[in-house]
Each structure stands twice: as structure tokens, then as C-alpha cells.
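Given next are the chains, with one letter for each unit.
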Number of protein chains: 2
Amino acid sequence: MTTDLDLAELGQQFRVDAVRATSHAASGHATSSMSAADLMAVLMARHLRYDFDWPDHPGNDHLILSKGHASPLLYAAWKAAGAITDEELLTFREHGSRLEGHPTPRLPWVDVATGSLGQGLPVGVGIALAGRRLDALPYRVWVLCGDSELAEGSNWEAFEHAGYERLANLTLLVDVNRLGQRGPTRHEWDLDAYARRAAAFGWHTIEVDGHDTAAIDAACTEAAGVTDRPTAILARTRKGRGVRAVEDQEGAHGKPVPDADEAIAELGGERSLTVEVAKPAATTAPRQPHGVHTELPTWSPGEEVATRNAYGEALAALGDGRQDVVALDGEVSDSTRSGFFAERHPDRFFECYIAEQELVATAVGMQIRGRTPFASTFAAFLTRAHDFVRMAAVSRASLNLAGSHAGVAIGEDGPSQMGLEDLAMFRSVHGSTVLYPCDANQTARLVAAMADGTGIRYLRTSRGAAPVLYGPDEEFPVGGSKLLRSSDEDRLTVVAAGVTVHEALAAADDLAADGIRVRVLDLYSVKPVDAHALLEAAEATGCLLTVEDHRPEGGLGDAVLDAFTDGRPVPRLVRLAVTTMPGSAKPAEQLREAGIDAAAIAAAVRRQLDEPATA
Amino acid sequence: MTTDLDLAELGQQFRVDAVRATSHAASGHATSSMSAADLMAVLMARHLRYDFDWPDHPGNDHLILSKGHASPLLYAAWKAAGAITDEELLTFREHGSRLEGHPTPRLPWVDVATGSLGQGLPVGVGIALAGRRLDALPYRVWVLCGDSELAEGSNWEAFEHAGYERLANLTLLVDVNRLGQRGPTRHEWDLDAYARRAAAFGWHTIEVDGHDTAAIDAACTEAAGVTDRPTAILARTRKGRGVRAVEDQEGAHGKPVPDADEAIAELGGERSLTVEVAKPAATTAPRQPHGVHTELPTWSPGEEVATRNAYGEALAALGDGRQDVVALDGEVSDSTRSGFFAERHPDRFFECYIAEQELVATAVGMQIRGRTPFASTFAAFLTRAHDFVRMAAVSRASLNLAGSHAGVAIGEDGPSQMGLEDLAMFRSVHGSTVLYPCDANQTARLVAAMADGTGIRYLRTSRGAAPVLYGPDEEFPVGGSKLLRSSDEDRLTVVAAGVTVHEALAAADDLAADGIRVRVLDLYSVKPVDAHALLEAAEATGCLLTVEDHRPEGGLGDAVLDAFTDGRPVPRLVRLAVTTMPGSAKPAEQLREAGIDAAAIAAAVRRQLDEPATA
């Protein structure tokens, strides 16, 4: 049995090791580690159930350090648990070390990268929800966060979600050390202020002295005993605890203590305590079948189908064959058509309401538990979750996102609802895949491909119906494209995707009637682009005209360049994109107004080829 | 005196007009307008103080319809107030009409575009804060929002901000109609659930029957009498109120009622009531001096200064000369250096804590009140506010944003803190200006230029010190660039910005020592780019090598193309950018690892020019 005295000693060791690691690195957050050391000591020694030799054990608890800057504390704890050596601890923040300034899943015991504050709890909710509704396993989710980050709205989306879903398997420990980076927080040591807020959102709350290990232990035990709601443990702590030079001092954030030797002496010197972390109970891993045959829906060429509908139908079909597929939506499933999945697989559909950060975070949490999530909302509103998507890439997460209502083509609803920046946002995400289909069969195939992908996969869908162009057996590899019009006399290549493919075809046919031949390339894979096809088109026609229902920056027009940035000759380029601020109008009026409809394409081709406009 | 009966009648007229406008448009949100009609009637007739003939009247109240999809209600109210005609009302959602699907400041009585939910309150807080701390005027801010949107974390950032600042001049009316787009909200008609949450955040709360005009009137009066905190009026309403076919029915969201004539009859037919909106008291406009001479700080070439420091110093200096300049920060002012402004102008500095959506929204609110806001945080964390930036562009807002700690050059802190996607994000914003200085004098000049700009202006600053390159009298127009190395024998142009300018110079000098001449262009204006200089460089050297501390997508490499998308010949392109997932390392190690340091540039130049590498 670990005594309270041992726990206090363990906390001191964590502090000493945090001081040592940051001083050795001459960088890093010593004081933020020291405030939470006793919380971590109690968790490790008494409550966490985790097999460090088997990080993928399905019964393992999940511990998320939302205040990722306190990574020295986490690493110190792992050292005590025997997961890393003291030698490795002292590689903290060094080039090549996996002990980064903020923890990432380069380390097998880290579920999710933190360091952008306000993300640990939202992701923790996703894991806890999976535990409750999918895995039916008794693992617990522990999130350790700072007080400053409770200003982030993302946390309140998570409080609401967890409270509503009554996630009793989730415990939040808040290290209320009173001091943010710049100075005092809004509520300083007013634990009641935080407790009132959390309780209002349906949480059980406990207030403790965060340096009283017995009190922390009792709080964690109490939390585990609450069966109908999540618990927030609000712990009053002192930043830099134990070292007079920095304890509860402003200006001591984000740096080593001024004199490490003195600090270590003051903390009672180095110790070599080990902690035996309890292992989870033996369990059968949750089912995560992959690769089961899925019968995708198909459509006949000429049918009028919106790609968002094809998304919904394909996703529902995918769910028939694959139990790992889950769908999440931001209260617009009737629009994104993820509702089709919800109808067929209600047990694997997660309504996240109008809270896009929590939507993406929940999906991140689900993939930690081995699921293949598809999260959807309007493309425009995914901008709300940009930081979560960015951090999901740092987390090496495997995630599918679908944004509907792309571009001005949505029509009357106007610019607030139009996704016009989403391609730029998703292209810039590390390791992302960006897909933008123009017809239903293409959409369905791409949805299936996404499910087997890696990294962040984004699918852009359209509101309005469009004719099916491709046969049901056509294949659409990621990184591919489709040549829809070509001849030996092509004088230019129109590169389009999504709604503009249809406009490009109309323009090409119109031009062909006048004897002007242009190629039409459907660049449905915006990232990676089909460099081979683009190079071929460039060589054959010398000019690429891109046309996209997106802002001119960061979208299709920029994407084609990905094939030409290695010093090879670059074709001439003409770009048609949305440079106006749209208002309300019908879809066809919007495309005309933005200068991306068939007439605009034909006119731009004629201008470029110096051909007279038709009467 | 307007009687309760008149108010109820006015509400009915609003409903009739919402039915008429949406039916005429065959599109739009009738039922969401109808639930809030009585709230709007009471506001217009009894509480709003607003001069429709003088929308810029400094004493006007501000009314923000956060549930922007209920625009027919707003337009119906304006019709009753005589601001628009019935004829114009029926142009709703038509091509060319200023009565868009969601309200935008194309209309003189709209402060801010809404339609992306959860933005009205955050912006309203910014206005109320300006009223309280800057204008010292007795105007009130009224925000009308939906219940669904209370799931957005941005609203809770705003609740926290307003509660903490005790903004008694702010009243939120929540139209609790129980139904979201897809179906029931989490809390349906549980007004207490919302009241508990708002009260926990320090708000006064009142629960009313949202169809009882006397009760609404009393609540608004009570709100105006509360002097130490903001008030939330939680109004229980019925969506589609007054028309049996849609009232409180699922599936009736976002569309006209099925039978308009029947509905109008059921609502008692058309009326022609007018409403006399009270005018604000006469007042003296708040001071908003512009163009006052500002003595910018200067530095001597060779000094080592971080551009973030130059930002802070320039901003503080700007504040000396211009009373309209205000600064806001997300609790990292010691890092972004906006703290320099805070020290010198504490009355015009606004701490927004770690809540980036609220940070940007507050800035949007301040510019509505004629201020010139500069809002800063880490570049990485501005992704948190992407949707607010996007909507600020729709709002035609005039806004300065500064993102510090750009790129891998920050060093040990790792990828969570590195702005690597910010250029892509800001370039894609409509009408934006994107600036990325490499030295202190350049930074200061650009900060001054930003203050006089239009639209969304973004400045990207660096953490580490760099030598001052330019003299204190050098000018840096937006849309310009600086040629730092050039000769008649240049065989290639290196295009750089920010930290890579210094690396490019070192590479050029190294290559020159081997007799290989390359041009170096400092493209500090990433948007708009200096097309003239790029064309000239292309013509002279035939190849542009871009090097940037940013992801390869959407940043500098893509930006240079903005000069070549009109069908003219395009030079050869070589792109160096951050394609790796960085870990922790020192700044120089990070640049080397990412392949964007001087050695990498020189090597890429040699490869491109087919020159052997040096031993």
C-alpha cells in the first residue's frame, strides 16, 4: 500500500525531475509541472490502470495531459513507472528526442498531442463516449488541465457534451495554480467559480487542496464512485510549489527555475522512487473489423444526384460492412446527409450539436479507440475546428471529415454558409488528403477510399444535384484524375473539380462546336494531385486553365502547381475562382456572378487563345 | 403608448411578413422568424433606441441578430420602422437584393454579418466593452440568439468575458424554441438549464414566456435596471408560432410554410402597423482621431531584434499618436509583445484571456465602434478563430491581426506552438492583406501601414532575434518587395520572407563566393504580391525558388503564382517549405531539419542550376 507520505515524496520526486529536465534543456515549463505534481503522483500510484508494456491494451485507462506544456511532469511520472530511463528524461526538448516540449503520440503512451490549450478535455470526451457507447469497457478517462485554459470555449463544448451524455467514466482534474502565462487568471483561486460553471453543465464537482495527497486520493475515489455524471476535481495548487524563488510568482512561467541545484536541495534532493501502476483487468479487445466487403451504392449516368446525398448513402453502406465506421455530425445531418447513416446505424451515430470543435475532437477520441470516424458539417463551419484539425495532424490521427455546401453554388443562403476557404485550410494540413468529387459514383468510391486512408482525409461535397458522369464501375484512386474531354487538337486544358467539372464540360462542348478543342481534366484529388496527368496536359496543351468554386488562394489553382515546383518548365496558367463577395442569388446566378460558369470558362479560353468571342 | 395588444399585433405582422417574404423567395427561414417575433416586437416598440435615418449615430443602440437565418424577422421589423418598403421586403434572397438570406453590413443598419451561429454574442461583447470602457456612452447592446447556438463554445467565451467585465449594458435574448435544424435541442424547453449556465458565468437571468409581450417588456425593463452584470432573457417560444401546419413541428426548419395564403389567414391577415423606434439622446460623437503624426521606433542595421518586439514597440508608439488604436491579446501579451502597448496605454488594452474566438470577436466589436483594433496571439492559435476571421470579411470589418511565433524557427516548443498554416488561412480570406516582415524597421512601417488599411490585415512575426537589414528611412508599401541581392549575372531568384530572408542572403553570399549569382527578393507583402518585381525577376532569371517557414500549401510558394495566372509565361519554380512534422530542437536545427536554411537553399540552387555541390 502506498502511503500518503510516499505519495508526497513521489510528488517531490516529480518536481525534482521536472527541475532537472528543464534545467538540462535550458528550456521548458518547470513551474507548471510543479503545481500539478501531487495530482499526478496520486493518479499514478492509486488510480490509473495502465500497462506501460502494452499501450494498446484495450482495457487501459486514458490519461491526457491537456496542459501539454507541463510535459516534464508527465515524463517524470513515466520515469517513476519504469517506462523511460533517467537518461532519456534528460534528453527532454533535444533534437531527435521523443520527449518533446509538448507530448505527442511519437510516444506510445500518448493518445493525443497537446499544447494547444483546451483540447484535452474535448478529445477525452470522445474517448469516454467510445468507452460508454461502443466498447462497453470499464476503462476511465483522466484529463489533467490547467485553469487558464478553461477560458477556451472548446472546453465548454466538452463540458456540455460530457454532462449531457452523463459520462461517469470521465474525470477532469484542474490544476488551479492561479497564474497563467502573463499573470493571474480571471478567477485565480476561486475554486467555487469553476465549480459553479461545471456543476451548471451537469458535472459532479469536488474542491480540494491540490497539495494534500490524501484529499486528492479521496476525490479520485469519490469520482470513480459517481455513476451518473462526469466529475471535475478542482485542485487549488501553487505554481512552482516547493521552490521559494518561483513559487506563486509572476514571471516564472515557461522557463527553468533560476538555480536548479538550490531548487533540488530545497525540494529535498533527488530520489529514486518507483511507482507500480496498476494494470487493467484482462479483457477481450473490442471488435474492430476492417476490410469487410461493402456493397457501395451506384447510380446510372445521367441521374441527377447531389454529391452530399451520395456521401450519406455511401457512408451508410460502408457502415453495413464495417463495424469500425462511426459517424458524427454538428446538428446538420439532414443537410450533410450523414443522417442516412444515423437512420441505419443509430448506435454508431454521434450527434455533437452545433459545436464543431467538439465534433472534431470527439472524432479524434473515437479513432484513438480504433474507430474510423467520419465527421461532417457544412464546409464553412469546419473552419471553426481549424486548430483541432491542425493538432489532429500533430497527433498522427486518422480521421475523415466531410464538408457539405461548398462554394457559391449553394445559392440563396449567402456567404456565411458558403465553404470558400476550406480547400486552402485542408491542403495546408500536414499529411492531409483533399478530395472534391463531381458526381455520385465518384463520391461513393472516394468515401470508401477514405475509410482505408491515413492522416486527415477531407471530402468536399455540394448541395445541389448534378448529373452522374461516371459509370458505377469506374475507379477513382486517391491521387488520380479523369480526362473527360481530349483530342489531338487540344489547345488548352481546363482543370476543374466538383461543380465546375460540369461547367467545364459545357464550355468545352460549346467551344468544340466552334472548332476550338480543349481538354477537360477532373482533378477530384486536390491533394495529392495527379502530377502525371497535369504534366501530360501541360506538355500537350501548354496552358492550364483552372476553374474552382473557392477563393483564388490555396485551392485548385494553387494545387495544380504542386506538380511543377521541382524546377521543370511550367505551363501557362489561367485561374478562374471566386473573387467577389457573393450575396443571395440562385445557384446558376451565383456561378455566373463569380465568373466560374460555362460561359465564363469559354470566354476565358477564347481570350487566352486569342479567338474572337461568338456573337 | 404602445399597448400589449398592439405589441402582439406587431408580432403577428412580423410573422405574416416573414411568411410572405420567404414564400415569395421560395426559400428562407419562416419558422425561426416566427418564434422570435414577439421578442422583436417588444424590442422595437419599447426598448431599442435607434435612429434609422442616422445609422452611424454614436448614441444608437446595437441590435445583433445572432440567429441570422431569421433575417425575414429583422427585415419585417425594419419595414414596420419605415426603414425599408414592403416592395423591398419582397426582394428577399433575390439576386442583387441587399436583403440577403443572412444579414450583412451591405445594409446600413447591420453591424456585423451573422449566419455562422455563435458569433452575435461574442461580437456584442466587444461593442458593449467599447461602450463601457472607451465611449462612455449609454447605448445598450441587444443580442437576439437561438437556443441551438448555445452549444457553440464561442458563446461561452463571450458569457465569461461579459460576466467578468460586468457588462450591464449588454442584454441577450434567447429564443428558446426547442427545435434546431435537425430536431430537438439538448435542453429543449428547459429554461433553467440555460439560466443555470448563464448565472454560473456571472449573468443576471430572467425566464419568460416568449409570446407574452408584457412579460418580455418587463424583462427588458428589468435588464436595463441591472447595473452590475449583463442579463440573459430566456424566452420559451414555439417555432413556427401561429401556424398550425408548422408550429413546434420537426422538419419545418429552413423553408417557407407549405401554404402561405392559409398561414397568413391563420395569422389574422396582413396588417400595416408601423412602429416608432425611439431615437437615442443627443450626444457628442466619441473621439476617433486619425492620421495624427506617429513617431515610429527605429533600429540601426545590424542590431539583433525580434520582429515580435518591433511589433510591440511600433504598436505602443502608434497608440501615442492615435487614440483610435486599441490592442487585444489572448493572454500571451508577454510573448506577442502587445504587452508593450498595454504598459503604455492600459486604458486601451483588452485582455481576452485564452479565448481566441472571443479575442477576434471583441476586435470586430471595437471596429464597429470606430476603433482600429490590433489583436494578437500566437500565429498557430489564430486558427482557433478562423471562422470569426472568415465572417469578419463578410462583415466588411476593418481589423488588424498579428500572429507571433511563426514557423519551425521558434525552436524547442514543438509543432503545437508553430504557426505553419497561417499564411494559407489568411491568404484565402476575402480582401485580406498578408504581411510577413524580416526585420524590425520593416515591421514598424508595416504596423503603421496596417492601421490605415482596409479589410482584414494580418502580420506574421517571429520569435527569435534577427539582424536589422533595412535603414530606418526605408519605406515598405503594402504590395511591395525589396530586392536585396541582384546583379546582371543572376541565374535564379530566391524569393523569401521573414526568417528565410536571412537564410537566403547567407545562401546567396555563399554561392557568390563560388561565382554563382542569384537574386534575393524579400517578398514581405505576401498578399497582395509585388507582381511587377516577380515578373521582372522571372524575366531576368527564368526561375523562382521560394523558401518559407510554412507548409508548402497556400503560403509564399503559392503566393508568387498570383503574379502569373493570367496566361503569361510562367518561370520555372522550385519550392522549399516545411514538409516534415517537426519535433523539439533548437531554431537552427529546426531550419536545417525542415530544409529551409541557407545550406538547403544553396544546395537547391546548385541542383537547379546543375552546378556541382561544394566539397
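What counts and what doesn't
Residues numbered from 1 in each chain as written. Chains lettered and ligands numbered in written order. Predicted model: local features only at pLDDT ≥ 70, side-chain atom pairs only at ≥ 80, totals over all residues. Heavy atoms only, no water. Buried < 20%, exposed > 50% of the residue type's maximum accessible area, 1.4 Å probe, protein only. Helix = DSSP H or I, 4+ residues; strand = E, 2+ residues; numbered from the N terminus. Pairing = 2+ DSSP bridges. UniProt positions renumbered as here; feature names shortened; annotations may be inferred. Contact = heavy atoms within 4.5 Å. Buried area = accessible area lost by both parts, 1.4 Å probe. Salt bridge = Lys/Arg side-chain N within 4 Å of Asp/Glu carboxyl O. Polar contact = N/O pair within 3.5 Å; in protein donor to acceptor, adjacent residues only side chain to side chain. Phe/Tyr/Trp six-rings, centres within 6.5 Å; stacked < 30°, edge-to-face > 60°. Lys NZ or Arg CZ within 6 Å of the ring centre and 35° of its normal. Domains from an automatic or database assignment. Axes fitted to C-alpha atoms, helices over the stretch in contact; angles between N-to-C directions. Expected span 1.5 Å × (residues − 1). Least-squares fit on C-alpha atoms with pLDDT ≥ 70 in both.

1. Considerations on the pairing of strand β19 (residues 572–576) of chain B
All names here are of chain B.
Line of reasoning, step 1. Counting buried positions over the five residues of β19 gives four, a clear majority of the element.
Line of reasoning, step 2. Two strands pair when backbone bridges link them, and strand β18 (residues 543–547) and β19 are joined in this way by five bridges, in the parallel orientation. Bridge pairing in β19 places Val547 opposite Leu576.

2. As for the UniProt feature "domain: Transketolase-like pyrimidine-binding" (unreviewed entry) in chain A
Line of reasoning, step 1. On the UniProt side, "domain: Transketolase-like pyrimidine-binding" (unreviewed entry) is annotated at positions that read residues 305–468 of chain A here.
Line of reasoning, step 2. Taken as a whole, residues 305–468 of chain A contains 40% helix and 21% strand, while its terminal C-alpha atoms sit 7 Å from one another.

3. Regarding the interface of chain A and chain B
Line of reasoning, step 1. Each partner contributes to the interface: chain A provides 104 residues, whereas chain B provides 104 residues.
Line of reasoning, step 2. Of all residues in chain A, the largest losses of buried area upon contact with chain B belong to His95(A), Arg186(A) and Arg384(A), amounting jointly to 10% of the total for that side.
Line of reasoning, step 3. Applying the counting rule to chain A against chain B returns 18 salt bridges.
Line of reasoning, step 4. Across the pair Arg575(B) and Asp562(A) runs a salt bridge, and its minimum N-O distance is 3.4 Å.
Line of reasoning, step 5. The interface formed by chain A and chain B contains 71 residue pairs in polar contact (both at pLDDT 80 or more).

4. Some details on the packing of aromatic side chains
Line of reasoning, step 1. If you walk through the whole model with that rule in mind, you get 31 aromatic pairs over all chains.
Line of reasoning, step 2. Taking the centre distance of 5.5 Å and the plane angle of 90° together, the rings of Phe476(A) and Tyr524(A) count as edge-to-face. Taken together, the residues span a long stretch of sequence, with Phe476(A) in the loop between β13 (465–467) and β14 (482–485) and Tyr524(A) in the loop between β16 (519–522) and β17 (525–527) at a distance of 48 residues. Assigned by exposure class, Phe476(A) and Tyr524(A) land together as buried.
Line of reasoning, step 3. Through a chain of ring-to-ring contacts, three or more aromatic side chains come together here, namely Trp156(A), Phe159(A), Phe201(A), Trp203(A), Trp156(B), Phe159(B), Phe201(B) and Trp203(B).
Line of reasoning, step 4. Lying across the ring of Phe201(B), Arg197(A) places its NZ or CZ 4.7 Å from the centre.
Line of reasoning, step 5. Stacked on the ring of Tyr436(A), the Lys or Arg Arg460(A) has its end atom at 4.7 Å from the ring centre.

5. Focus on the domain arrangement of chain A
All names here are of chain A.
Line of reasoning, step 1. In terms of domain boundaries, chain A breaks down into domain 1 (7–266), domain 2 (304–467) and domain 3 (482–610).
Line of reasoning, step 2. Distance from the C-alpha centre of domain 1 to the C-alpha centre of domain 2: 32 Å.
Line of reasoning, step 3. Facing 31 residues of domain 1, the contacting portion of domain 2 comprises 28 residues.
Line of reasoning, step 4. At the junction of domain 1 with domain 2, the criterion picks out two salt bridges.
Line of reasoning, step 5. For the salt bridge of Asp135 with Arg369, the shortest nitrogen-to-oxygen distance reads 2.7 Å.
Line of reasoning, step 6. Summed over the shared surface of domain 1 and domain 2, the number is twelve residue pairs in polar contact (both at pLDDT 80 or more).
Line of reasoning, step 7. Within the residue set of the side of domain 1 that touches domain 2, elements represented by two or more residues are α6 (120–135) and α7 (153–164).

6. So, the sheet that holds strand β10 (residues 399–404) of chain B
Residue and element names in this part refer to chain B.
Line of reasoning, step 1. Taken in spatial order, the seven strands make up an open sheet running β8-β7-β9-β10-β12-β11-β17, and their pairing is mixed. The open sheet terminates on both sides in strands that have one partner only, identified here as β8 (349–351) and β17 (525–527). For this sheet the average axis-to-axis angle between neighbouring strands, irrespective of direction, equals 20°.
Line of reasoning, step 2. In this structure, strand β7 (residues 325–329) lies alongside β8, joined through three bridges in parallel fashion. Bridged to Asp329 within β8 is Glu351.
Line of reasoning, step 3. Sheet strands in contact with helix α17 (residues 440–451) are β9 (372–378), β10, β11 (433–435) and β12 (456–460), and its direction is about 165° off that of β12.

7. Brief notes about helix α18 (residues 499–513) of chain B
Line of reasoning, step 1. Helix length check: α18(B), at 15 residues, gives a terminal C-alpha distance of 22 Å against a target of 21 Å (1.5 Å per residue), a fit within 8%.
Line of reasoning, step 2. Following α18(B) by one or two positions, Gly515(B) adopts a phi angle in the positive range, close to 80°.

8. Considerations on the relation of the copies chain A and chain B
Line of reasoning, step 1. Expressed as a screw operation, the relation of chain A to chain B combines 0.0 Å of axial shift with a rotation of 180°, fitting to an RMSD of 0.0 Å. In short, the pair behaves as if placed about a two-fold rotation axis. Distance from the rotation axis, computed per C-alpha, reaches its smallest value in chain A at Gly153(A): 1.8 Å.
Line of reasoning, step 2. Residue by residue, 100% of the interface of chain A is reproduced at the interface of chain B, so both copies engage with the same surface.

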